[in-house]
Amino acid sequence: MYWKLIHCAVVLIHYFSAMNYILALDQGTTSSRAILFDESQQPAFVAQQEFRQFYPQPGWVEHDAIEIWKSQLAVAEEVIQKAGITSESIKAIGITNQRETVVVWDAETGRPIHRAIVWQDRRTAERCDQMKVDGMEPYIRKATGLVCDAYFSGTKISRILDDVPGARERAAKGELRCGTIDSWLIWKLTNGAHHVTDASNASRTMLFNISEGKWDQKLLEYLDVPNSLLPEVVSSSGLVGRVSIDSPLKGIPICGIAGDQQAALYGQQCLVPGEVKNTYGTGCFMLMNTGDKQISSQNGLLTTVAWQIDDRITYALEGSVFVAGAAIQWLRDGLKIIDESPDSEWLASKIESSEGVYVVPAFVGLGAPYWDMYAKGAIYGLTRGTTKAHIARATLESLAYQTRDVLDAMQQDSGLNLSVLKADGGASANELLMQFQADILNTNVARPEVLETTALGAASLAARAVNAWTNQSTTSDMQIFNPEMDDDKRQELYSGWKDAIRRTMSS
């Protein structure tokens, strides 16, 4: 018996050491994760580290870019150690990242000159207002597919150059570099040899012309952002370079890059125009693949790059909800009515209804389709009988209501009526939320067994570049949530939500 156990152990060690992996670096808003995907495209080993959030003033959100780098490197090395493999067993690295968050750093030392300004940050709202006064908004919409909002990276970069003494002079001399988090990680991994981003991330900066596939000179000049500051835009799938730092990752090729929401679209295999996914993460982001067609929204949505493979760009229509899972974190950290985020489902399920309570989590303004930078969060419908269970349930329901706002706008823009919404992200594990989402949409919601679709998308793009996975698919069964609510109830609840939104908006 003893020798049989030894034999089994030897066989297992040989099996795992012989297997090839794709390493996904999933750098999010609140944590850095690394996932090793095996040859069956399943997550085999996972490591995660949270990092600090900084709130210097109301509406300001910052990250320590060095802390992000160290946490991302640490979890990448941790999964390699967990797997008991060397870099030779990893065929490629795919990177996916929080979008719009920007870092500006010294080109020689690699040290940031300012904390990273996070996508949630609203400090440049007044600058965006001035851009509208200056008549720039129609051009921004036409060139970039975006609205003029503090959400995007361009005004954040300009603000850092304004706020740091001597930064503009140094930028003009070519002494500084900037980029979204993918650029920052690749710079660090390659020891400064490669300053790149992909088209999906570039399209979120409000500086990238999505029709021409290059940085827009008019916008760069308006915001006084030198070309030398910006990364080269490369394919989302293809060899960028190899890890060159002294690390267990050394020598692994970096072959995939995509912003987190575009990566999730690819990971959900929404490869046909008209297919839609919704990611329930810190924010809530719905994307529709529109193929080679740019759909200009009439309903407050964004036209964005889904990915670029070789010289071909695939576009998407996107609705961005700024606060989704972050609202559940607020229940935990702000109100302290739950101990862990998953407890929100348990607490909310203690009652059958929110009984007219609505939570509008406009903590950093409202995104699509409203785009109100000055809206503030609110709770409506409170009575003496309101309990923490009602607030928890109303908070969860707010994710579903915001998703319907976006889906209604998306269907109007595209002329398509969806039969199924593909859901992923951490909050999609919440059964109560998924059922309510199907009910309020009157649409089937499909959730994959494996929720790591963002990391899977980055891994898939990298695997494509090295021909590692011959038949790419999510390969997991989908759980379907079917609508059960009657039409009158659905309309009553949604009308209450729309009334709450009207009361919340600043104008």
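The present account deals with the structure reproduced in this document. (Residues numbered from 1 in each chain as written. Predicted model: local features only at pLDDT ≥ 70, side-chain atom pairs only at ≥ 80, totals over all residues. Heavy atoms only, no water.)

Turning our attention to the packing of aromatic side chains. The full count for this structure, using the stated rule, is 17 aromatic pairs. Between the aromatic rings of W119 and F285, the centroid separation amounts to 5.9 Å while the plane-to-plane angle is 70 degrees, which identifies the pairing as edge-to-face. Within this pair, whereas W119 is found in the loop between β7 (116–117) and α3 (125–133), its partner F285 is found in strand β16 (residues 284–291), the two being separated by 166 residues in sequence. F285 shares its class with W119; the two are buried. Above the ring of Y139, the side-chain terminus of K218 is found at 4.3 Å from the ring centroid. Sitting above the plane of the Y494 ring, R404 keeps its charged end 3.8 Å from the centroid. (Phe/Tyr/Trp six-rings, centres within 6.5 Å; stacked < 30°, edge-to-face > 60°. Helix = DSSP H or I, 4+ residues; strand = E, 2+ residues; numbered from the N terminus. Buried < 20%, exposed > 50% of the residue type's maximum accessible area, 1.4 Å probe, protein only. Lys NZ or Arg CZ within 6 Å of the ring centre and 35° of its normal.)

Cis geometry marks the peptide bond from A368 to P369; its omega dihedral reads -5 degrees. When you line up the elements, P369 lands in the loop between β19 (358–360) and β20 (378–380). Positive phi, normally seen in glycine, also occurs at M206, with a value near 65 degrees. Inspection of the secondary structure assignment puts M206 in the loop between α8 (199–202) and β10 (208–209). M206 gets classed as buried once you look at its relative accessible area, which sits at 1%.

Quick look at helix α11 (residues 325–334) now. Listed as buried for α11 are G325, A326, A327, I328, L331 and R332. Looking at the buried positions of α11, the neighbouring elements they touch are α12 (343–348) and α13 (388–414). Immediately downstream of α11, the backbone of K336 shows phi near 55 degrees, a positive value. (Contact = heavy atoms within 4.5 Å.)

In terms of burial, strand β22 (residues 444–448) is a largely internal element, 4 of the 5 residues being buried. Pairing of strand β21 (residues 420–424) with β22 involves 3 bridges; the strand directions are parallel. Bridging across to β22, L421 finds its partner in V445. In the classification by handedness, the crossover that spans β21, the intervening helix α14 (residues 431–441) and the parallel β22 is right-handed. Relative to strand β23 (residues 478–481), β22 runs antiparallel, the two sharing 4 bridges. Residue pairing across strands places A446 opposite I480, the latter belonging to β23. (Pairing = 2+ DSSP bridges. Right-handed = clockwise from strand over helix to strand, strands pointing away.)

A separate point is the environment of I313. Position of I313 relative to the elements: it lies in strand β18 (residues 312–321). Taking the C-alpha atoms as reference points, I313 and A199, separated by 114 residues in sequence, lie 8.2 Å from one another. Once residues lying within four places of it in the same chain are set aside, the contact partners of I313 are I210, G213, G291, D292, V305, W307 and Q308.

Let us look at the environment of V147. In this structure, V147 sits in the loop between α4 (137–144) and α5 (153–163). Judged by its relative accessible area of 11%, V147 falls in the buried class. Along the primary structure V147 and M206 are separated by 59 residues, whereas in three dimensions their C-alpha atoms are 8.4 Å apart. Other than its neighbours up to four places away in sequence, V147 contacts I140, R141, F152, M206, L302 and W371.

With that settled, consider the sheet that holds strand β13 (residues 237–242). With mixed pairing, the 6 strands of this open sheet are ordered in space as β3-β2-β1-β5-β14-β13. In this open sheet, the two edge strands, each paired with only one partner strand, are β3 (43–50) and β13. Each adjacent strand pair in this sheet contributes to an overall mean axis angle of 25 degrees, direction not counted. In this structure, strand β2 (residues 31–37) lies alongside β3, joined through 7 bridges in antiparallel fashion. Bridging across to β3, L36 finds its partner in F45. Sheet contacts for helix α10 (residues 260–267): β5 (90–97) and β14 (253–259); angle to β14, the most-contacted strand, approximately 105 degrees. (Axes fitted to C-alpha atoms, helices over the stretch in contact; angles between N-to-C directions.)

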